[in-house]
Amino acid sequence: MARILYLMHVDWRWIRQRPQELAVGLVESGHDVRVLFTPQFQTGTPAVPRSGDSQVKRSALWSLPLRRFSPVRRINRAVQKWQVTLACRRSRPDHVWITAPELLQLVPERQ
């Protein structure tokens, strides 16, 4: 099946939403899915793990807190773009799936 790099704007460890369900569904369908998600700096109890979570390869994109400040946003964007580029080189995905338009700027041009 296909190798998919799945970029999520929702923190995997937080509230379970459609992006997590889609990633788990793709893995259960036999696809090789690697999830990179944007961490959220929130307090509270994270979501309870559900079935299928352990099958999904996932990691957080590096991010500084205080993203409301322009210099921090620029640093985060540069480092996250580097992380996504590195993930593309390592895993050579057939497809890159993004869950929000702002993540498109992280995807490297085809080479």
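An account of the accompanying structure is given in this report.

What counts, and where the lines are drawn
Residues numbered from 1 in each chain as written. Predicted model: local features only at pLDDT ≥ 70, side-chain atom pairs only at ≥ 80, totals over all residues. Heavy atoms only, no water. Buried < 20%, exposed > 50% of the residue type's maximum accessible area, 1.4 Å probe, protein only. Helix = DSSP H or I, 4+ residues; strand = E, 2+ residues; numbered from the N terminus. Pairing = 2+ DSSP bridges. Right-handed = clockwise from strand over helix to strand, strands pointing away. Contact = heavy atoms within 4.5 Å. Polar contact = N/O pair within 3.5 Å; in protein donor to acceptor, adjacent residues only side chain to side chain. Phe/Tyr/Trp six-rings, centres within 6.5 Å; stacked < 30°, edge-to-face > 60°.

## Let's talk about the pairing of strand β1 (residues 3–8)
- The element β1 is extensively covered by neighbouring structure, given that 5 of its 6 residues are classed as buried.
- Sheet topology places β1 next to strand β2 (residues 32–37); 6 bridges connect them, and they run parallel. Opposite I4, over in β2, you have V33 as the bridge partner.
- Between the parallel elements β1 and β2, the chain passes through helix α1 (residues 18–28) in a crossover that is right-handed.

## Examining unusual backbone geometry
- Backbone geometry at R92 places phi at a positive 45°, although glycine is not the residue there.
- Relative to the helices and strands, R92 resides in the loop between α2 (70–91) and β4 (95–98).
- For R92, a relative accessible area of 60% gives the class exposed.

## Structural notes on the environment of H31
- Considering the arrangement of structural elements, one finds H31 in the loop between α1 and β2.
- Along the chain, H31 and A2 lie 29 residues apart, while their C-alpha atoms are 5.3 Å from each other.
- When sequence neighbours within four positions are dropped, the list of residues in contact with H31 reads M1, A2, I4 and L26.
- Polar side-chain contacts of H31 include one of 3.3 Å to the backbone nitrogen of A2.

## Quick look at the packing of aromatic side chains
- For the coordinates displayed, the defined rule picks out 1 aromatic pair.
- A ring pair is formed by Y6 and W97, whose centres lie 5.6 Å apart and whose planes are at 40°; its orientation type is tilted. In this pair, Y6 sits in strand β1 while W97 sits in strand β4, placing the two residues 91 residues apart along the sequence.
- Taking the relative accessible area as the measure of exposure, Y6 reaches 0% and is therefore buried.
- Judged by its relative accessible area of 33%, W97 is partly exposed.

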